[in-house]
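Results of the structural survey
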Amino acid sequence: MYTFQSSLEGKEFPLVLLEDRLKKEGYVIGGGWEYDHGYFDLLLSQEGEYLYLRLPFEAEGGELDKNDSTVRMLQPFLLCHQYDPDRDQDSSSGAVSAAFNQFQSPEDKDAEVSSEQIDQGQAALDRAERLLS
């Protein structure tokens with residue numbers, strides 16, 4: 001994981017505005033969503049690992065499932081999930097098991113990020129900051 005300093009940190013936005021602007025750029029609300037906090041994730045790479053720019057937020061004075069939710073942005077970070085490219089998911093499991101276990105678990109849920117990946121993440125964050133300014 002690598003954290004970024006950002007002009008977005010601490011700013012408040014209507015959640016519907018974030019959804020409208022960020023989803024057009026490829027962001028999705030990540031699986032870690034709760035009623036009081038969540039993440040907008042942008043997939044930057046899926047070559048041997050999944051590299052995400054994650055824009056975390058928390059609810060301000062309410063729950064996220066309300067139409068008028070306001071959120072405060074937290075510190076953005078890069079998240080890298082590294083997978084074993086040589087591992088064949090279907091080779092050791094039967095057809096029924098493979099049908100229920102479609103996705104490989106990460107070999108490393110918090111893999112190191114390279115300077116090139118940090119630059120890639122910074123460029124994506126810069127675009128998000130311009131989009132939301």
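All of the points below concern the structure found in this document.

About the criteria used
- Residues numbered from 1 in each chain as written.
- Predicted model: local features only at pLDDT ≥ 70, side-chain atom pairs only at ≥ 80, totals over all residues.
- Heavy atoms only, no water.
- Salt bridge = Lys/Arg side-chain N within 4 Å of Asp/Glu carboxyl O.
- Helix = DSSP H or I, 4+ residues; strand = E, 2+ residues; numbered from the N terminus.
- Buried < 20%, exposed > 50% of the residue type's maximum accessible area, 1.4 Å probe, protein only.
- Contact = heavy atoms within 4.5 Å.
- Phe/Tyr/Trp six-rings, centres within 6.5 Å; stacked < 30°, edge-to-face > 60°.
- Polar contact = N/O pair within 3.5 Å; in protein donor to acceptor, adjacent residues only side chain to side chain.
- Arc of directions from axis to C-beta.
- Axes fitted to C-alpha atoms, helices over the stretch in contact; angles between N-to-C directions.
- Parallel < 35°, antiparallel > 145°, perpendicular 65-115°, else oblique.
- Left-handed = near helix turned anticlockwise from the far one by under 90°.

The next thing to look at is the pattern of salt bridges. Per the stated rule, a full pass over the model turns up 5 salt bridges. Aspartate 41 is paired through a salt bridge with arginine 54; the nearest N and O atoms lie 2.7 Å apart. Placement of aspartate 41 in strand E4 (residues 37-45) and of arginine 54 in strand E5 (residues 49-59) is noted, with a sequence separation of 13 residues between them. On the accessibility criterion, aspartate 41 (6% relative accessible area) is buried. Here arginine 72 makes a salt bridge to glutamate 58, at a shortest N to O gap of 2.3 Å. On the criterion of sequence distance, the pair formed by arginine 72 in strand E6 (residues 70-73) and glutamate 58 in strand E5 is long-range, its members being 14 residues apart. Classification of arginine 72 as partly exposed rests on a relative accessible area of 26%. Overall, the relative accessible area of 23% leaves glutamate 58 in the partly exposed class.

Examined against the element boundaries, valine 113 turns out to sit in the loop between helix H2 (95-100) and helix H3 (115-132). Note on valine 113: relative accessible area 16%, which makes it buried. In this view, valine 113 contacts Tyr2, Leu51, Leu78, Cys80 and Ile118; residues no more than four positions away in its chain are not counted.

Further remarks concern the packing of aromatic side chains. The description of an aromatic ring pair uses the distance of the two centres, along with the angle that the planes make with each other. Here the structure, examined in full by the defined rule, presents 4 aromatic pairs. Plain terms: the ring middles of tyrosine 2 and phenylalanine 4 are 5.1 Å apart, the flat faces sit at 75° to each other, and that makes the pair edge-to-face. The partly exposed category is assigned to tyrosine 2, whose relative accessible area is 32%. Residue class for phenylalanine 4 comes out buried when judged on its relative accessible area of 2%. Ring centres of tyrosine 39 and phenylalanine 77 lie 6.5 Å apart, and the angle between their planes is 85°; on these two criteria the pair is classed as edge-to-face. In this pair, tyrosine 39 sits in strand E4 while phenylalanine 77 sits in strand E7 (residues 77-82), placing the two residues 38 residues apart along the sequence. Of the two residues, tyrosine 39 and phenylalanine 77, neither departs from the other in class, the shared state being buried.

With that settled, the discussion passes to the side chain of glutamine 117. Within the secondary structure, glutamine 117 sits in helix H3. In this structure the side chain of glutamine 117 is engaged in a polar contact, spanning 2.8 Å, whose partner is the backbone nitrogen of serine 114. Among residues more than four places away in sequence, those in contact with glutamine 117 are Glu49, Leu51, Leu78, Cys80 and Glu112.

Right, let's talk about helix H1 (residues 15-23) for a bit. Those residues of H1 that sit buried are Leu15, Leu18 and Leu22. Seen end-on, H1 carries its buried residues on one side only, within an arc spanning 55°. Each element contacted by the buried residues of H1 is listed here: strand E2 (12-14), E4, E5, E6 and H3.

Attention now goes to the packing of H1 against H3. For any two helices packed against each other, the geometry is given by the interaxial angle and the distance between the axes. Look at H1 against H3: their axes get within 11 Å of each other, and the N-to-C directions meet at 130°. When the interaxial angle is binned, H1 and H3 end up oblique. In the packing of H1 onto H3, the handedness of the crossing is right-handed. Residues Leu18, Arg21 and Leu22 of H1 lie in contact with H3, whose contacting residues are Ala128, Leu131 and Leu132.

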